[in-house]
Structures are given as structure tokens and as C-alpha cells.
Amino acid sequence: MEIKRNQYLQQLIDGKGNHLIKIITGLRRCGKSYLLFNLFPAYLQQNGVPSDHIIKIDLEDIRNTELRSPLALVRYIDKLMTDEKMHYILLDEIQHVEKFEEVLNSYLKIKNADIYVTGSNSKFLSSDIVTEFRGRGDEIHMHPLSFAEYYSAVKGDMAEAWRNYFTFGGLPHLVELNSDQKKIQYLKNLYQSVYKKDLLERHKIGKEHELDELVKIMASSIGSPCNPNKLSNTFKSLKHTELTPHTISSYLGYLEDAFLVEKACRYDVKGKKYINSLAKFYFTDSGLRNALLDFRQQEETHIMENIIYNELRIRGFMVDVGVVEVRKRNSLQVMERRQLEVDFVANLGSKRYYIQSALALPDKEKIKQESASFSNIRDSFKKIIVVKEYIHPWHTEDGVLILNLFDFLLNPNSIDY
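In this report, the structure presented in the accompanying data block is examined. It should be emphasised that the depicted structure is a prediction, and the values quoted were computed from it without experimental measurement. (Residues numbered from 1 in each chain as written. Predicted model: local features only at pLDDT ≥ 70, side-chain atom pairs only at ≥ 80, totals over all residues. Heavy atoms only, no water.)

## Details of the sheet that holds strand β12 (residues 394–395)
Alright, step 1. One open sheet holds the eight strands; their spatial order is β7-β6-β8-β9-β10-β11-β13-β12, and the pairing between them is mixed. Strands at the two margins of the open sheet, each flanked by one partner only, are β7 (273–283) and β12.
Alright, step 2. Examined bridge by bridge, strand β11 (residues 382–387) and strand β13 (residues 401–404) share four bridges and lie parallel to one another. Across the sheet, Ile385 pairs through a bridge with Ile402, a residue of β13. (Pairing = 2+ DSSP bridges. Helix = DSSP H or I, 4+ residues; strand = E, 2+ residues; numbered from the N terminus.)

Structure follows, in C-alpha cells:
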């Protein structure tokens with residue numbers, strides 16, 4: 001079954017011939033190799049590029065072991081470049097090549113070479129790309145399937161598709177598995193044999209058990225504000241062992257570099273500044289998050305919030321957690337400071353949206369509760385509450401857009417109703 005990944009394919013198309021290394025990054029098993037070796041070559045051939053001008057090399061294939069030598073790889077590619085016309089060089093899992101940076105930089109100087117690479121294991125993480133290819137790389141960051149991509153493949157009953165998506169996530173291979181048990185086993189094995197193995201190898205982590213426990217704590221508290229100090233205290237009280245804030249901070253950085261989690265900083269909407277005390281962490285894939293907890297914590301509220309966050313990131317938004325400070329009198333008529341939260345402050349260029357996630361809005365009181373932070377924001381950017389209920393989009397008297405979850409996920413223009 002072919003799942004169209006048009007958003008990422010278009011980024012590769014837009015980058016053709018820009019004299020930069022096109023670097024496809026993202027969580028392992030999210031579809032990078034399929035994009036590079038299937039979807040992109042098909043586009044090239046449909047647009048007149050001869051197949052012998054598309055050089056595809058899978059460096060994870062044992063049959064290409066000799067090409068992991070930088071000189072052997074360069075000589076092999078040079079031999080295939082038979083004329084002055086443009087050659088498209090597609091290298092999958094480039095991190096298997098020693099000194100791969102030198103190989104790639106060598107082809108930047110050749111006018112008829114256009115280079116595309118993927119890399120996803122412990123030797124090729126996001127921080128490496130920033131360091132090695134600053135100014136010379138064009139990063140295409142790939143995510144697991146969005147709900148729209150997932151539903152285009154499975155079709156059928158929307159409610160059932162949603163249940164499967166928020167339970168098992170959007171890694172493409174899951175679409176081909178025909179039982180819940182196979183999906184569960186796939187996700188569990190993937191974390192143990194791929195993601196955790198990469199982390200342990202790259203960072204020489206000696207406290208494997210503590211890493212496991214920390215990741216589980218993170219998985220069980222998605223959408224909750226935290227920081228290394230708070231997590232260290234939680235770890236001590238729940239696990240009866242110590243993990244220092246410094247170590248936790250390092251582990252969180254490793255998880256971000258491996259694309260397993262993303263950090264959403266807290267932003268003071270009125271003061272227009274970041275608050276460094278706490279942040280929220282969201283999992284790149286809900287299925288991996290659930291697998292870490294043995295599928296025992298299926299709180300749809302929190303998982304829905306995580307999926308909305310991921311959808312905004314897939315669309316290219318920078319996403320923060322909004323904080324709105326208000327002053328109100330308490331029952332004793334004493335003025336107090338309170339902090340109200342906006343789930344997401346989503347920014348893209350000059351556009352900004354304030355977004356709340358809610359399973360349902362059964363009455364006016366709940367709408368008032370969810371809109372409380374909005375009413376204290378004085379700018380004119382759009383304010384939206386995304387709800388699970390099957391309703392048509394509508395606006396409250398205060399101008400807040402109430403938007404159905406599936407309209408939001410399936411129609412990127414719906415937030416502009």
C-alpha cells in the first residue's frame with residue numbers, strides 16, 4: 001500500500017538544484033527511506049529524468065558494505081556519472097559511511113550533482129546536522145503519519161480510525177499489520193531494539209534502568225509542566241532512587257535529539273517573553289508513548305492534546321504553551337495573581353493562533369472555563385477551541401472558533417473559518 005507523503009515530497013521537489021545537501025531527518029521508521037527511494041524517484045522519472053541519472057544507494061544493505069568506505073563510495077558514484085547532465089544522488093542511512101561529511105561536501109562542488117540523504121541512527125541526530133552542515137544543508141524534517149495521511153490509507157469508519165490512531169500512532173508500517181497484538185509487539189520491539197539501543201550506544205548511558213523509568217514518567221505525564229528539578233523529585237518519590245537534575249536534563253536532550261519527544265516552552269502572552277521555569281514535553285508518536293506504558297494509560301484527553309501539538313508541528317508551526325497572568329479577588333476580597341493556560345500558542349510567519357484542546361463542551365460553563373485565558377488576551381489573533389464532538393464550526397459571542405477535531409485534522413484551512 002502506497003501512502004502519499006506529498007508535503008515532504010514537495011519539499012524535495014522545491015529543493016532540486018539549490019546547491020545544498022537535502023537532508024531528510026526524523027524518527028526512525030517514519031518513512032524517510034520510502035520517500036527517498038520510491039516517491040521521489042517516481043516523480044523524477046515522471047518528469048523526464050532517465051533512470052540511470054538517479055543513483056540510489058542503500059548503505060544499510062549488507063551488499064553495499066564496501067561502499068561504506070568514503071573513497072570507495074566516491075569512486076562508485078563518479079563511475080555512474082557518465083555525462084554532464086544532472087545526476088540525482090540518493091544515499092540512504094549515510095551515517096554508515098566513515099567521514100560522510102567529507103563525501104557530501106565533495107559533491108557540493110560538482111555542478112551536475114544534486115545530493116539527497118537520510119540518516120536516523122545514533123550517529124546522525126538533529127544536533128549533528130546543525131553542527132556539520134550549517135549553511136550547506138537543507139533539512140526536510142519528516143514526522144510519522146498525520147491523521148489525514150493515516151486515514152487516507154485505512155479509510156472506513158472515522159471513529160474507529162481515530163481509536164486506532166491515538167492508540168497505535170502513525171508509524172507507516174502499522175497500516176500493514178492486521179491485528180492489535182502485532183501492532184503492540186511491533187511498537188514495543190521498535191523502542192527496545194532501535195530507539196533505546198541508539199541512545200545507549202551514542203551517549204554511553206550506564207543507567208539503562210533509570211533511563212527506562214524516566215521515559216515512562218515522561219510518557220505518563222504528557223501535557224504536564226515539568227523541569228529537571230521537578231522530574232528529579234518525582235523520580236525519587238516514585239522510584240525510591242536518585243537521578244540528578246543534571247542527568248535528567250542530559251537525558252531529555254538525548255530524547256529530543258532522537259526525535260522521540262519535543263519540548264514546548266512556556267510563553268507569557270501578556271509580557272511577551274518566555275518563562276524558563278517549566279516546560280511541556282510531547283511524544284512525536286502516540287503509539288510509542290502508549291507502548292512505553294504497556295497501553296495501560298489511555299487518557300484520550302491527554303493523547304488528543306499530544307496529537308494536536310504534533311499536527312501543528314507537521315504544518316510547520318512553532319508551538320509554545322501560553323501563560324496568561326491575571327489579578328482577581330479571592331473569597332476574602334484580597335487581590336491575587338493567577339496564571340491561566342493556553343494549551344498552544346502556534347506561530348507561523350506573521351500568523352498566530354491561540355488553541356485549546358477539549359474533549360467536549362457540554363454547557364456554557366465549560367465553554368467559559370475553556371475560554372477564560374482567551375478573554376484576558378487583548379490582541380486580535382484567532383482563538384480556537386478544538387473539541388472531539390461532531391459539530392459544525394461555530395463562533396461564540398466573544399469570537400472564539402469552536403472547531404471539531406476531525407475538521408481540524410483533515411482540513412488544514414479549517415482554522416481560518
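## Notes on the pairing of β7
Alright, step 1. As paired elements, strand β6 (residues 261–268) and β7 share eight bridges and run antiparallel to each other. Across the sheet, Cys265 pairs through a bridge with Ala279, a residue of β7.
Alright, step 2. What sits between β6 and β7 in their antiparallel hairpin is a turn of four residues, with Lys272 showing a positive phi close to 55°.

## What to know about the environment of Leu35
Alright, step 1. Note on placement: Leu35 falls in helix α2 (residues 32–46).
Alright, step 2. Owing to a relative accessible area of 0%, Leu35 belongs among the buried residues under this scheme.
Alright, step 3. Sequence spacing of Leu35 and Phe374 is 339 residues, and the spatial spacing of their C-alpha atoms is 40 Å.
Alright, step 4. Residue contacts for Leu35: discarding those within four places in its chain leaves Tyr8, Leu9, Leu12, Ile24, Phe40, Pro41 and Met142. (Buried < 20%, exposed > 50% of the residue type's maximum accessible area, 1.4 Å probe, protein only. Contact = heavy atoms within 4.5 Å.)

## Some points on the side chain of His53
Alright, step 1. Position of His53 among the secondary structure elements: in the loop between α2 and β2 (54–58).
Alright, step 2. In this structure the side chain of His53 is engaged in a polar contact, spanning 2.8 Å, whose partner is the side chain of Asp52.
Alright, step 3. With near-sequence residues (within four places) excluded, His53 lies in contact with Asp83, Lys85, Met86, His87 and Tyr88. (Polar contact = N/O pair within 3.5 Å; in protein donor to acceptor, adjacent residues only side chain to side chain.)

## Side note on empty space enclosed by the protein
Alright, step 1. Throughout the structure, instances matching the rule amount to three cavities of 30 Å³ or more.
Alright, step 2. Space inside the largest cavity adds up to approximately 100 Å³.
Alright, step 3. Lining the largest cavity are 13 residues, with Leu145, Tyr165, Thr284, Asn310 and Ile314 positioned closest to its centre.
Alright, step 4. Per-element tally for the lining of the largest cavity: the top contributor is helix α13 (residues 300–314), with four residues.
Alright, step 5. Taken together, the residues of the lining of the largest cavity sort by class into five nonpolar, six polar and two charged. (1 Å grid on protein atoms, 1.4 Å probe; cavity = no way out; pocket = protein on both sides within 12 Å on 5 of 7 lines; lining within 4 Å. Points joined across faces, edges and corners; volume = space filled by probe spheres on them. Nonpolar A, V, L, I, M, F, W, Y, C, P; charged D, E, K, R; others polar.)

## Quick look at helix α4 (residues 100–108)
Alright, step 1. What α4 keeps buried is the set Phe100, Val103, Leu104, Asn105 and Tyr107.
Alright, step 2. Where α4 is buried, its residues meet β1 (21–26), α3 (70–80), β3 (87–92) and β4 (113–118).

## Digging into the nonpolar core
Note that soluble globular proteins tend to have their nonpolar side chains buried in a common cluster.
Alright, step 1. Grouped together as the largest cluster of nonpolar side chains are 61 residues, with contacts concentrated most on Leu171, Leu187, Tyr195 and Leu260.
Alright, step 2. The element that contributes the greatest number of residues to this core is helix α8 (residues 180–203), accounting for nine residues.
Alright, step 3. In this structure, Leu171 is in contact with Leu27, Arg28, Arg29, Cys30, Pro144, Tyr186, Leu187, Leu190, Tyr195, Asp285 and Leu288, ignoring residues within four places of it in sequence. (Core = buried A, V, L, I, M, F, W, Y, C linked by side-chain atoms within 4.5 Å.)

## A word on helix α1 (residues 6–14)
Quick reminder: α-helices carry 3.6 residues per turn. Residues three or four places apart thus point the same way.
Alright, step 1. Of all the residues in α1, the buried ones are Tyr8, Leu9, Leu12 and Ile13. Along α1, the residues classed as buried sweep out an arc of 145° about the axis, all on the same side.
Alright, step 2. Each element contacted by the buried residues of α1 is listed here: β1, α2, β4, β5 (137–142), α6 (147–154) and α13. (Arc of directions from axis to C-beta.)

## Digging into the side chain of Arg315
Alright, step 1. Considering the arrangement of structural elements, one finds Arg315 in the loop between α13 and β8 (318–329).
Alright, step 2. Those residues in contact with Arg315, other than ones at most four positions away along the chain, are Leu348, Phe408, Leu409, Asn411 and Pro412.

## Examining the sheet that holds β5
Alright, step 1. Taken in spatial order, the five strands of this open sheet run β2-β3-β4-β1-β5, and their pairing is parallel. Every interior strand has two partners, whereas the edge strands, β2 and β5, have only one. Mean inter-strand twist for the sheet, computed between neighbouring axes without regard to direction, equals 15°.
Alright, step 2. Summarising the sheet, β2 and β3 pair through five bridges and their orientation is parallel. Of the residues in β3, the one forming a bridge with Ile55 is Ile89.
Alright, step 3. Set on the sheet, α2 makes contact with β1, β2, β3, β4 and β5; between it and β3 the angle comes to about 165°. (Axes fitted to C-alpha atoms, helices over the stretch in contact; angles between N-to-C directions.)

## Digging into the pattern of salt bridges
Alright, step 1. Under the defined criterion, the tally for this structure stands at 20 salt bridges.
Alright, step 2. The residue Lys196 makes a salt bridge to Asp212 at a minimum N-O spacing of 3.1 Å. On the criterion of sequence distance, the pair formed by Lys196 in helix α8 and Asp212 in helix α9 (residues 208–220) is long-range, its members being 16 residues apart. Per residue, the accessibility class of Lys196 equals that of Asp212, and both read buried. (Salt bridge = Lys/Arg side-chain N within 4 Å of Asp/Glu carboxyl O.)

## Some words on the packing of α8 against α9
Alright, step 1. As a packed pair, α8 and α9 sit with axes 12 Å apart at the nearest point and diverge in direction by 115°. Where α8 crosses over α9, the two elements pack in a sense that is right-handed. Note on element contacts: α9 touches α8 through Glu208, Leu211, Asp212 and Val215, opposite Tyr191, Lys196, Leu199 and Leu200.
Alright, step 2. Classifying every residue of the contact of α8 with α9 gives five nonpolar, no polar and three charged. (Left-handed = near helix turned anticlockwise from the far one by under 90°.)

## Some words on the packing of aromatic side chains
When we look at a pair of aromatic rings, we describe it by the centre distance and by the angle of the planes.
Alright, step 1. Inspection of every chain in the model, using the stated rule, returns 17 aromatic pairs.
Alright, step 2. Both rings, one in Phe147 and one in Tyr165, keep their centres 5.4 Å apart while their planes meet at 70°; by these two values the pair is edge-to-face. Linking Phe147 in helix α6 with Tyr165 in helix α7 (residues 158–168), this pair joins segments that are 18 residues apart in sequence. Judged on exposure class, the residue Phe147 and its partner Tyr165 are both buried.
Alright, step 3. Residues Tyr267 and Tyr274 carry aromatic rings whose centres are separated by 5.2 Å and whose planes lie at 65° to one another, so their mutual orientation is edge-to-face.
Alright, step 4. Exposure remark for Tyr267: the relative accessible area of 10% places this residue in the buried category.
Alright, step 5. For Tyr274, a relative accessible area of 47% gives the class partly exposed.
Alright, step 6. Put simply, the rings of Phe147, Tyr150, Tyr151, Trp162, Tyr165, Phe166, Tyr390 and Phe406 touch in pairs and so form one group of aromatic residues.
Alright, step 7. Between Lys22 and the ring centre of Tyr116, over which it is positioned, the NZ or CZ distance is 4.8 Å. (Phe/Tyr/Trp six-rings, centres within 6.5 Å; stacked < 30°, edge-to-face > 60°. Lys NZ or Arg CZ within 6 Å of the ring centre and 35° of its normal.)

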